[in-house]
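Residue strings, one per chain:
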Amino acid sequence: MSSIDSTTTPSSADGSVPGGARLPPGIDRRGFLRSTAGGGVAIGLAALLPGCGREASAGAAAAGELRSLTGKEFEVARAAAEALLVGVPIDPSAIATRLDYELWAVGGAIEEDVRTVLQLLEHLTPLGGRLRRFTELNPTERLAYLETWRNSRFNLRRASFNAIKSFVYFFAYADPAMWAATGFPGTWPGRIPVGIPPIDFGEVV
Amino acid sequence: MIIEGTKRTGDLRDRADVVVVGTGAGGGTLAAYLSDRGHDVVMLDRGGFFRAEDFHQREREAMGEFNGRRGMDTSDDNAIFINYARAIGGTTVHYWGDSFRAPHDRLERWRTEHGLDWMTPAALDPHFDAIESELGIHLAGESLFNDNNRLVRRGCEALGVEGAAVPTARVDCIACGWTQFGCAFNRKTSQLITTIPRVSRQGGRVYSDARVDRILIENGRARGVEGALLNRATGRPQGRFRVDANTVVLAGGALGTAELLLRSTADPVVGRRLYINPHYWVFADFGREIDNVGGIPTAYAVHEWRRERRSPSGEYQGGGYIMLCSHQQPGVTAAMLAETGAAHAERMSKYRQLGSLMSVIDEEHPGRVYLRDGRHAVSYRVRGIDALKAVDYLKNASRIFLAAGAREVWVPDIHSTVVRSERNLASITLRSVMPNAQFAAGSHLMGTAPLGSDPEDSFADPSGQAHRIPGVWVADGAALPGSVSVDPSLTIMAVARHIAAGIDGAAS
């Protein structure tokens, strides 16, 4: 269950946010969103945004094979990758799928934070003067919106941008399909035969 | 014997003279020293056991397989990537092999400021000598230099700046370029292929995938540890273990050791200071393809500015860092750049033209480690004089590359700062190093359970034993009282060996 879903059952919430809303249980595990100035407000906003929790539930129901992200969060991640990867022949859905897997594998504060960032990206577009949600913008508009986060004077927004940007670009360019575009010749094992001196580890069980 | 925890289900119990939590620079060195002298040793590591054949060098998979938190750990404001390994052999599996002795001025500071009387060249040099011999540490020769290293050397020589070949831990290295993802050819002399096999062959038990949850303390004294055996694929527990030992040595790295202590004790000093030697990068476009994928990342280092310079009135005037040559595969490089969209793609198209330097900032202001949801969290902000050092580094690194013939130098900040001449250096300001304005990292993690004579300011006494928990020792980066001002790996090994000698002496 996403932390946003859980705002409907606030029995273990640990405090209030502006407006009197209760924080979701996942708040304890949050990282930079909680530690960055304004982060608590941002989390509160995510909890209060109309439709955020409902969409997460609907997305989760439709998500099928996703391990961490809801269907909606997956779409936001895919849309962000599509906007960031201009002229890069990597399927944005593959990036979103990888994000889903990595968040599931790492769990904890990192998973909570990135998922919340995706929700904020989707729903805070009005603060940037855009009336449509992130996934409803075209890729050019999305990129311009992301750049307002990158260049923000608020550390929280820069941090949120970096969380998404670093992931997208790492997994796009770490893909061997991109090696030719960068001129990276590839790794040695399996390509260049080299003898490996044996190591006697003793008994291994 | 090496026991892979991921292959075991059910509960385990073992008993030893010494249990060592962590198998890296400190743990491996200490365990082998004691094993060599007849002590029965158990080693535990949360990471997996990998052999050369497992080190495929592909960053996409390696980041998750061998790095802590799958390579996604950061400071709690996401501004600094916190880099450490999770594998048998610890951080020596992915370190670059840089093996500097602690500078004498730093030993003298630790001796005088922390009451560590043995922090002298006379006491430590025999340990440095022994380790250097065992690991085959030698100055990087020309065969290990790639073009990036050569260009930085050329820039330093043109400017009259002090730099030197780096002492490196490898034997018959083939210069494949990707030592940071585990040595695929058993040439980098990590703990994985040196001390760990020896401990295993000599009767020690080395458990992988073994997460230590708690130190067992009875009547105020350590009696062992307990924890969970993890499924390597899922990270989920699949059994419990307990190791009984009257000597518990903590060597799980500055984060791992702090996390375990914070879970097990209420020691007020633990985690209060965390040094990371902040790393910032610059990239230099040489306008032509260079070899930035072979050799070793750091065959050459810049020492000119290691010691900070102040005016007679104490005003900062520069320095307080060294520079290491650096190269990364495309994925990490792409993650470092601050551009987006077409501008990002255009920069990445020049990947093979890029030289790179990274900083090792000798910081004055440490961060701290605390628990969140039972796991470590890092609070760290580059601030005050340390931010000034970062700016000074960015300028001097740019100067070196310009002197080496770079067409332009990129400071990978959100302002897309480009340096084409000395005149452009003024555009590098504190704005470049504010949090999340550019990629920054810390991989030299130190000081969270420091040695010292003052129990109010240190976790362990000068021998390495905890002031407040007899039987607990610390022998890793956590034990260092502060930043070494160079890569700390060799210093950690030497300190661990000194502590091991004390444990051995006390036992006999």
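These numbers were taken from a predicted model, which means no experiment stands behind them.

Draft legend 1. Geometry of the overall build of chain B. What chain B contains, in helices and strands, is 11 helices and 25 strands. What you see for chain B is a C-alpha radius of gyration of 22 Å, in line with the 23 Å of a compact globule of 508 residues. Along the first, second and third principal axes, the C-alpha atoms of chain B reach 65 × 55 × 45 Å. A buried classification covers 62% of the 508 residues belonging to chain B. Pairs at least 24 residues apart make up 75% of the contacts formed inside chain B by residues separated by at least 6 positions.

Draft legend 2. Representation of the overall build of chain A in the model. The helix and strand inventory of chain A stands at 9 helices and 0 strands. Sequence-ordered secondary structure for chain A, helices as α and strands as β, is α-α-α-α-α-α-α-α-α. Counting only residues that meet the buried cut, chain A has 51% of its 205 residues in that class.

Draft legend 3. A look at the sheet that holds strand S25 (residues 472-474) of chain B. All names here are of chain B. Strands sit in the order S1-S9-S4-S3-S13-S25 across an open sheet of 6 strands; the sheet is parallel. The open sheet is flanked by strand S1 (2-4) and S25, the only strands paired with a single partner. On average, each strand axis in the sheet is inclined to that of its neighbour by 20°, with strand direction left out of account. As judged from the 4 bridges shared by strand S3 (residues 18-21) and strand S4 (residues 41-44), these two strands associate in the parallel manner. Note that in S4 the partner of Val20 across the bridge is Met43. In this fold helix H1 (residues 25-36) packs onto S3, S4 and strand S13 (247-250), with an angle of close to 165° to the strand it touches most, S4.

Draft legend 4. Layout of the interface of chain A and chain B. Listed by partner, the interface residues are 55 residues for chain A and 54 residues for chain B. Every element with two or more residues in the side of chain A that touches chain B is listed here: helix H1 (32-35), helix H5 (92-106), helix H6 (108-123), helix H7 (139-150), helix H8 (155-173) and helix H9 (179-182) of chain A. Of the residues in the side of chain A that touches chain B, the class split is 32 nonpolar, 13 polar and 10 charged.

Draft legend 5. Summary view of the sheet that holds strand S11 (residues 221-230) of chain B. Residues and elements named next belong to chain B. The sheet built from 4 strands is open, its strands ordered S2-S12-S11-S10 with mixed pairing. Edge positions in the sheet fall to strand S2 (12-15) and strand S10 (210-218), since each of these pairs with one other strand and no more. Each strand axis lies, on average, 20° off the axis of its neighbour in the sheet, ignoring direction. Pairing of S2 with strand S12 (residues 237-244), which is carried by 4 bridges, proceeds in the parallel orientation. Across the sheet, Leu12 pairs through a bridge with Phe241, a residue of S12.

Draft legend 6. Region of the structure containing helix H2 (residues 59-66) of chain B. Three or more residues of H2 of chain B are buried, namely Glu59, Ala62, Met63, Glu65 and Phe66 of chain B. Its buried side turned inward, H2 of chain B meets helix H8 (330-336) of chain B.

Draft legend 7. Examining the environment of Ala494 of chain B more closely. Residue and element names in this part refer to chain B. Looking at the element boundaries, Ala494 is found in helix H11 (residues 489-507). The exposure class of Ala494 is buried, given the 25 C-beta atoms found within 10 Å. Linking Ala494 and Val18, residues 476 residues apart in sequence, is a C-alpha distance of 19 Å. The contacts of Ala494, once residues within four sequence positions are left out, are Leu124, His127, Phe128 and Ile131.

Draft legend 8. Looking closely at unusual backbone geometry. All names here are of chain B. Of note, Asp209 is a non-glycine position whose phi angle comes to about 55°, a positive value. With respect to the helices and strands, Asp209 occurs in the loop between strand S9 (205-208) and S10. The phi angle at Asn277 is positive, at roughly 50°, despite the residue not being glycine. Looking at the element boundaries, Asn277 is found in the loop between helix H7 (253-264) and strand S14 (279-285).

Draft legend 9. How the structure looks around the packing of H5 of chain A against H8 of chain A. Residues and elements named next belong to chain A. Running from amino to carboxyl end, H5 crosses H8 at an angle of 110°, the nearest separation of the two axes being 10 Å. It follows from the interaxial angle that H5 and H8 lie roughly perpendicular. For the pair H5 and H8, the crossing hand works out as right-handed. Contact residues: H5 offers Ile95, Arg98 and Leu99, while H8 offers Phe167, Val168, Phe171 and Ala172. Its residues placed into classes, the contact of H5 with H8 shows 6 nonpolar, no polar and 1 charged.

Draft legend 10. Representation of the confidence of the model for chain A within the structure. All names here are of chain A. When pLDDT is averaged along chain A, the result is 79, and 69% of the positions lie at 70 or above. Confidence, expressed as mean pLDDT per element, reaches its minimum in chain A at helix H3 (residues 52-63) with 44 and its maximum at helix H4 (residues 71-84) with 98. For residues 1-28, every residue scores under 50 in pLDDT, and the model assigns this stretch 59 contacts once sequence neighbours within four places are set aside. Here residues 50-63 scores under 50 on pLDDT; set against residues more than four positions off or in separate chains, the count is 27 contacts.

Draft legend 11. Spatial organisation of the packing of H1 of chain B against H11 of chain B. All names here are of chain B. Between H1 and H11, the least distance of the axes is 8 Å, while the angle of their chain directions is 35°. The interaxial crossing formed by H1 with H11 has right-handed handedness. For the pair H1 and H11, the contacting residues are Ala25, Gly26, Thr29, Leu30, Tyr33 and Leu34 in the first and Ser489, Ile492, Met493, Ala496, Arg497, Ile499, Ala500, Ala501, Ile503 and Asp504 in the second.

About the thresholds
- Residues numbered from 1 in each chain as written.
- Chains lettered and ligands numbered in written order.
- Predicted model: local features only at pLDDT ≥ 70, side-chain atom pairs only at ≥ 80, totals over all residues.
- Helix = DSSP H or I, 4+ residues; strand = E, 2+ residues; numbered from the N terminus.
- Rg over C-alpha atoms; globule rule 2.2 N^0.38 Å.
- Buried ≥ 20, exposed ≤ 12 C-beta atoms within 10 Å, placed from the backbone.
- Contact = placed C-beta atoms within 7 Å.
- Pairing = 2+ DSSP bridges.
- Axes fitted to C-alpha atoms, helices over the stretch in contact; angles between N-to-C directions.
- Nonpolar A, V, L, I, M, F, W, Y, C, P; charged D, E, K, R; others polar.
- Parallel < 35°, antiparallel > 145°, perpendicular 65-115°, else oblique.
- Left-handed = near helix turned anticlockwise from the far one by under 90°.
- pLDDT = per-residue confidence, 0-100.

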